[in-house]
Amino acid sequence: MREGGLTACLSFLDFFATNVQRTAVTTAANCCRHLNPEHFATVRDVMPILLNVLGCSDQKVLEQGCYCVSRIVTSFNKAEQLEQLITKEMLKAILNLLLPGTTNLVGPKIHTEFLRVLSHTAKNSPSLAVDMLQMNIVDTLYQILTGVSPPSEEELATTRNDSVVIMQALIHRPREHVYETLNVICELLPDLPRGTTPLS
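For the protein chain, the helix and strand inventory stands at 12 helices and zero strands. The proportion of buried residues among the 200 residues of the protein chain is 38%. Across the protein chain, every contact between residues at least 6 apart in sequence was considered, and the portion connecting residues at least 24 apart equals 74%. Put simply, the protein chain shows about 11800 Å² of open surface, and 53% of that area lies on carbon and sulfur atoms.

This paragraph deals with the packing of aromatic side chains. Here the distance between the centres and the angle between the planes together describe a pair of aromatic rings. Evaluation of the coordinates by the stated rule reveals two aromatic pairs. Centroid distance Phe12 to Phe15: 6.3 Å. Interplanar angle 55°. Geometry classified as tilted. For Phe12, a relative accessible area of 62% translates into the label exposed. Taking relative accessible area as the criterion, Phe15 reaches 72% and is therefore assigned exposed.

Assignment of secondary structure puts Ala28 in helix H2 (residues 18-31). In the structure, Ala28 is positioned 19 residues away from Cys9 in sequence and 6.2 Å away in space, judged by C-alpha atoms. What Ala28 contacts, discounting residues up to four positions off in sequence, is Leu6, Cys9, Leu10 and Cys68.

Okay, helix H6 (residues 88-98) next. Looking at H6, one finds that the buried residues are Met90, Leu91, Ala93, Ile94, Leu95, Leu97 and Leu98. Residues of H6 that are buried sit in contact with helix H3 (40-53), helix H4 (59-73), helix H7 (108-124), helix H8 (126-134) and helix H9 (137-146).

Next up on the list: the confidence of the model for the protein chain. For the protein chain, per-residue confidence averages 86 on the pLDDT scale, and 86% of positions sit at 70 or higher. When pLDDT is averaged over each element of the protein chain, helix H5 (residues 79-85) comes out on top at 96 and helix H10 (residues 153-158) at the bottom at 56.

What follows covers the pattern of salt bridges. Counting across every chain of the model gives four salt bridges. Between Asp45 and Arg44 there is a salt bridge, with the nearest N and O atoms lying 3.5 Å from each other. Three or more residues are tied together by salt bridges with common partners; here these are Glu113, Arg116 and Glu180.

The next thing to look at is the side chain of His39. The topology assignment puts His39 in the loop between H2 and H3. We classify His39 as buried; its relative accessible area is 6%.

Okay, the nonpolar core next. A general tendency of soluble globular proteins is for nonpolar side chains to be buried together. In this structure, Leu54, Val69, Ile72, Ile94, Phe114 and Leu118 are the most contacted members of the largest nonpolar core, which totals 53 residues. Considering each element in turn, this core owes the most residues, eight residues, to H4. Residues within four places of Leu118 in sequence aside, it is in contact with Leu91, Ile94, Leu95, Leu98, Met132, Ile137 and Val184.

Structurally, Met1 can be placed in the segment before helix H1 (5-10). Distance in space between the C-alpha atoms of Met1 and Cys32 is 8.3 Å, their sequence separation being 31 residues. Aside from chain neighbours lying at most four places away, what touches Met1 is Leu6, Cys31, Leu35, His39, Thr42 and Val43.

One can describe the packing of H2 onto H4 by two numbers: an axis separation of 8 Å at closest approach and a directional angle of 20°. Between H2 and H4, the angle falls in the class roughly parallel. The handedness of the crossing between H2 and H4 comes out as left-handed. Taking contact as the criterion, the partners of Thr18, Gln21, Arg22, Val25, Thr26, Ala28, Ala29 and Asn30 in H2 are, on H4, Lys60, Val61, Gln64, Gly65, Tyr67, Cys68 and Arg71. For the contact of H2 with H4, a count of residues per class yields six nonpolar, six polar and three charged.

Turning our eyes to something else, we now look at the side chain of Asp58. Summarising the element assignment, Asp58 is placed in the loop between H3 and H4. Among the polar contacts made by the side chain of Asp58, one reaches the side chain of Arg22 at a distance of 2.7 Å. Dropping the residues within four chain positions of it, Asp58 is found in contact with Thr18 and Arg22.

Rules used in this analysis
- Residues numbered from 1 in each chain as written.
- Predicted model: local features only at pLDDT ≥ 70, side-chain atom pairs only at ≥ 80, totals over all residues.
- Heavy atoms only, no water.
- Helix = DSSP H or I, 4+ residues; strand = E, 2+ residues; numbered from the N terminus.
- Buried < 20%, exposed > 50% of the residue type's maximum accessible area, 1.4 Å probe, protein only.
- Contact = heavy atoms within 4.5 Å.
- Areas by Shrake-Rupley, 256 points an atom, 1.4 Å probe, with all protein chains shown as cover.
- Phe/Tyr/Trp six-rings, centres within 6.5 Å; stacked < 30°, edge-to-face > 60°.
- pLDDT = per-residue confidence, 0-100.
- Salt bridge = Lys/Arg side-chain N within 4 Å of Asp/Glu carboxyl O.
- Core = buried A, V, L, I, M, F, W, Y, C linked by side-chain atoms within 4.5 Å.
- Axes fitted to C-alpha atoms, helices over the stretch in contact; angles between N-to-C directions.
- Parallel < 35°, antiparallel > 145°, perpendicular 65-115°, else oblique.
- Left-handed = near helix turned anticlockwise from the far one by under 90°.
- Nonpolar A, V, L, I, M, F, W, Y, C, P; charged D, E, K, R; others polar.
- Polar contact = N/O pair within 3.5 Å; in protein donor to acceptor, adjacent residues only side chain to side chain.

Right, here's the structure in full:
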C-alpha cells in the first residue's frame, strides 16, 4: 500500500488477459485486508477502477473486486470519507449485484459482504442513506428476503397479503442474508426520539 502496489495492480487492468486480471485483482483484495487511515487517498483513487470491475463478466475477477470494495468501505467510518468513496454509480452497481436472479456471478458470501457494506454506509452517512432510499433499496431488500418483486399498489388493493408464502420464502433464505438485510433496514430507519425507551 505504501509503495503504490494497489494502484499498480489495478491500473490498465482491461489490457491484460483474464488470468492476469484475476491475479491482479486478488492481489489488490489482499492489499485491502488491513487498511489504515493513511491509505485513504490511495483507495479513494482506485474506486473508479473498482466500479468497472463490478461490471466484469468473469466470476473470479468480479468476486475479488467485490472484496476490495467491501474491505475499503468498511475500513472507514467518517461520513465525509464514505461520501468520497461511494458514488451513486457505485451504490447502483452494488444494489444490482444484490438483486436475486440478476446474475449468477456473485455467491452468498459476496451478498453478505455487500449487505454489510450497505448497513455500514447507512449507519455512518445520512446522505448516502437518503441516496439508497431514492434508489428504491426498499424494493431490493424485499426481493432479497422474499425472492419475488414487491406487489404493485394495484395488486395490494386486489389481493390479500399472503404472510404464509412470505414466511416460507424467508425460511429458505440463508440465515446470514436475513440477518444482514434486517441490519440494513434498521440502519435506514430514523433514530428514536431522545427519551424514548425501546419496546422490551
